[in-house]
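The residues making up each chain are set out below.
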Amino acid sequence: MAPLSEHPDAPTLDAAEHPPAAGVDGAAPAPGAVAATSPPGDPASPASAEAPPGSRRASSGPRGRVVALTGAASFLGRNLIGILEEDPRIARVVAIDIKPPDTGGSKLRLHAVDLTAPASEERVAAVLAAEQVDTLVHLCFLSSPTPATAWAHELESVGTMHLLHGARQAGLRKLILWSQTILYGAHPTNPNFLTEKHPLRADADERFFADKMAAEREFNAFAARAKGTTVTILRTAPILGPTVQNYLTRFLARRLVMTMLGFDPLWQFIHEVDAIAAFKLAIDSDFPGTFNIVGDGVLPLSTIVRLAGRTPFPVLHSAAGPLVSALWAAHAAIAPPSFLRYLRYVCVADGEKAARVMGFRPMYTTREALLDYTNAQRLRDVRLLQETPA
């Protein structure tokens with residue numbers, strides 16, 4: 001069995017690898033996605049609690065707030081829309097995507113905008129002004145690598161520039177960006193925990209990383225110029241849970257999981273519920289700056305493979321690169337060779353700033369996020385749980 005080929009029961013390409021879906025992150029809609037974000041204890045509704053010291057509660061205004069989301073049909077977008085629909089302080093939810101989300105209700109306003117189109121910035125500016133948008137959440141990023149690198153660049157890097165040009169014309173009060181902790185890069189010189197002060201050192205030759213790092217730079221430049229706009233960047237650890245789909249869930253779904261002979265790096269996750277809760281917290285209150293959103297604790301890769309009920313497939317790192325390169329070129333691999341560094345070196349982030357400034361406390365630890373995913377995956381393995389097609 002090819003060690004980095006797709007799971008036998010999974011499709012060769014997911015939705016993120018099909019260029020026509022310019023507003024989608026590639027995760028298939030999950031049944032009951034909204035309900036999945038509100039387990040007992042309602043971790044996805046931090047707005048009901050007191051705002052953390054130093055934060056500023058966003059003003060609702062006489063008619064309520066208007067929140068817009070790009071990538072509204074993505075996993076994060078769908079679930080956030082479901083939560084915002086239930087918030088009485090939100091007057092309207094504006095979806096900016098070419099595909100309608102499946103969680104919208106009476107508050108949803110859908111505007112079909114393709115961020116890869118040259119004229120999209122004028123369209124974005126018109127939508128934001130017409131809808132009187134208060135807060136814009138930018139989620140239009142791929143959750144998994146794609147061989148369609150030119151299109152991905154247009155969507156994530158160029159699309160972010162189009163979006164910010166439109167936002168500048170509209171004079172928004174708040175912007176929130178989804179980023180990821182894997183952008184710190186996996187290096188032998190990394191400390192045990194990376195803070196927001198550490199530079200982003202992921203492989204700049206890999207489009208999946210480079211375009212997201214470019215989007216962060218654009219947002220930071222925007223924040224430096226737009227003094228009246230609160231700009232928040234949330235870097236999530238790899239998202240794991242029973243309903244999310246991305247390169248990580250596909251990696252752990254294989255019966256044979258590639259590892260690197262002689263290496264056992266520490267990994268960390270954020271549960272899908274906690275990731276959604278962090279975005280809701282940033283929408284509800286003002287937290288300018290960049291924040292790592294991570295679950296508590298770390299696990300060695302060997303332990304992750306064992307808890308997932310999979311069999312490790314150790315490979316010499318000198319042989320892994322050519323093998324994965326060939327599989328990726330044949331569209332038979334989950335990720336390109338640049339991801340192999342994460343099988344060798346540590347890349348885990350410190351969530352202290354988010355706890356101290358935002359008051360963010362994850363409900364699930366890294367271990368609990370893994371076990372929640374594993375329980376659902378075991379049902380999928382025996383075909384007792386099926387996904388809703390994208």
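Residues numbered from 1 in each chain as written. Predicted model: local features only at pLDDT ≥ 70, side-chain atom pairs only at ≥ 80, totals over all residues. Heavy atoms only, no water.

The number of helices and strands found in the chain is 10 helices and 15 strands. Here the chain holds 390 residues, and the buried ones make up 58% of them. A sequence separation of at least 24 residues applies to 80% of the contacts in the chain between residues at least 6 apart. In the form shown here, the chain has an accessible surface area of approximately 14900 Å², with 57% of it arising from carbon and sulfur atoms. (Helix = DSSP H or I, 4+ residues; strand = E, 2+ residues; numbered from the N terminus. Buried < 20%, exposed > 50% of the residue type's maximum accessible area, 1.4 Å probe, protein only. Contact = heavy atoms within 4.5 Å. Areas by Shrake-Rupley, 256 points an atom, 1.4 Å probe, with all protein chains shown as cover.)

A few words now on the sheet that holds strand S3 (residues 90–96). In sheet architecture, strand pairing relies on hydrogen bonds along the backbone and comes in two forms, parallel and antiparallel. Strand order in the open sheet made by the 7 strands is S4-S3-S2-S5-S6-S7-S13, with parallel pairing throughout. In this open sheet, the two strands that pair with only one neighbour each are strand S4 (108–111) and strand S13 (289–293). On average, each strand axis in the sheet is tilted by 20° relative to the strand beside it, whichever way the strands run. One ladder, built from 4 bridges, connects S3 with S4; its direction is parallel. Paired with Ala-95 across the bridge in S4 is Leu-110. Of the strands in this sheet, strand S2 (65–70), strand S5 (135–138) and strand S6 (174–180) touch helix H3 (residues 149–170), which is tilted by about 175° from S5. (Pairing = 2+ DSSP bridges. Axes fitted to C-alpha atoms, helices over the stretch in contact; angles between N-to-C directions.)

Before going further, it helps to examine the pattern of salt bridges. Throughout the structure, instances matching the rule amount to 15 salt bridges. The closest approach of N and O atoms between Arg-173 and Asp-134, which form a salt bridge, is 2.9 Å. In this pair, Arg-173 sits in the loop between H3 and S6 while Asp-134 sits in the loop between helix H2 (120–131) and S5, placing the two residues 39 residues apart along the sequence. Asp-134 sits in the buried class, given a relative accessible area of 13%. In this structure, Arg-310 engages Asp-381 in a salt bridge whose closest nitrogen and oxygen atoms are separated by 2.8 Å. Of the two residues, Arg-310 sits in the loop between helix H7 (301–307) and strand S15 (311–315) while Asp-381 sits in helix H10 (residues 366–381), which places them 71 residues apart along the sequence. (Salt bridge = Lys/Arg side-chain N within 4 Å of Asp/Glu carboxyl O.)

Of note, Gln-132 is a non-glycine position whose phi angle comes to about 55°, a positive value. With a relative accessible area of 59%, Gln-132 lands in the exposed category. The phi dihedral of His-331 is positive, around 60°, even though this residue is not glycine. Judged by relative accessible area, His-331 falls into the partly exposed class, the value being 33%.

On to the packing of aromatic side chains. Applying the stated criterion across every chain, the model contains 10 aromatic pairs. Taking 5.7 Å as the distance between ring centres and 50° as the angle between the ring planes, the aromatic pair formed by Phe-208 and Phe-339 counts as tilted. With Phe-208 in helix H4 (residues 207–225) and Phe-339 in the loop between helix H8 (317–329) and helix H9 (352–358), this pair connects stretches of sequence that are 131 residues apart. Exposure remark for Phe-208: the relative accessible area of 4% places this residue in the buried category. (Phe/Tyr/Trp six-rings, centres within 6.5 Å; stacked < 30°, edge-to-face > 60°.)

This part takes up the packing of helix H1 (residues 75–85) against helix H6 (residues 272–284). Look at H1 against H6: their axes get within 10 Å of each other, and the N-to-C directions meet at 60°. Classed by the angle they form, the pair H1 and H6 counts as oblique. Handedness of the H1/H6 crossing: right-handed. Only Glu-272, Ala-275, Ile-276, Phe-279, Lys-280 and Ile-283 of H6 make contact with H1, whose side of the interface consists of Phe-75, Leu-76, Asn-79, Leu-80, Ile-83 and Leu-84. When the residues that make up the contact of H1 with H6 are grouped by side-chain class, the tally is 9 nonpolar, 1 polar and 2 charged. (Parallel < 35°, antiparallel > 145°, perpendicular 65-115°, else oblique. Left-handed = near helix turned anticlockwise from the far one by under 90°. Nonpolar A, V, L, I, M, F, W, Y, C, P; charged D, E, K, R; others polar.)

Next up on the list: the side chain of Ser-157. Examined against the element boundaries, Ser-157 turns out to sit in helix H3. A residue is classified by how much of its surface remains accessible, and Ser-157, at 9% relative accessible area, is buried. Ignoring sequence-local partners within four residues, the contact set of Ser-157 consists of Ala-152, Asp-211 and Ala-214.

So, on to the confidence of the model for the chain. Mean pLDDT for the chain: 86, with 82% of residues reaching 70 or above. Considering only residues more than four positions removed or in separate chains, one finds that residues 1–50, a stretch of pLDDT under 50, has 136 contacts. (pLDDT = per-residue confidence, 0-100.)

The next point concerns H10. Given a rise of 1.5 Å per residue, 16 residues ought to cover 22 Å, and the 22 Å separating the end C-alpha atoms of H10 matches this to within 8%. Every buried residue belonging to H10 is among Thr-366, Ala-369, Leu-370, Tyr-373, Thr-374, Ala-376, Gln-377 and Arg-380, and all of these are buried. On the buried face of H10, the contacting elements are strand S8 (239–240), helix H5 (247–253), strand S10 (266–267), strand S11 (270–271), strand S14 (299–300) and H7. One or two steps after H10, the chain reaches Arg-383, where phi turns positive at roughly 60°. (Expected span 1.5 Å × (residues − 1).)

Before going further, it helps to spend a moment on the environment of Leu-128. With respect to the helices and strands, the residue Leu-128 is situated in helix H2. Its relative accessible area of 2% is what places Leu-128 among the buried residues. Each C-alpha atom, one on Leu-128 and one on Leu-172, is 8.1 Å from the other, the two residues being 44 residues apart in sequence. With sequence-adjacent residues up to four places away left out, Leu-128 is seen in contact with Ala-68, Ile-96, Val-133, Leu-136, Gly-166, Ala-167, Ala-170 and Leu-172.

The next point concerns the packing of H3 against H4. To characterise two packed helices, one gives the angle between the axes of the helices and the distance between these axes. Packing of H3 against H4 leaves a shortest axis separation of 9 Å and a crossing angle of 10°. Considering their axes alone, H3 and H4 lie roughly parallel with respect to each other. On H4, the residues touching Thr-149, Ala-152, His-153, Glu-156, Ser-157, Thr-160, Met-161, Leu-164 and Arg-168 of H3 are Arg-207, Phe-208, Asp-211, Lys-212, Ala-214, Ala-215, Glu-218, Phe-219, Phe-222 and Arg-225. For the contact of H3 with H4, the class distribution of residues is 8 nonpolar, 4 polar and 7 charged.

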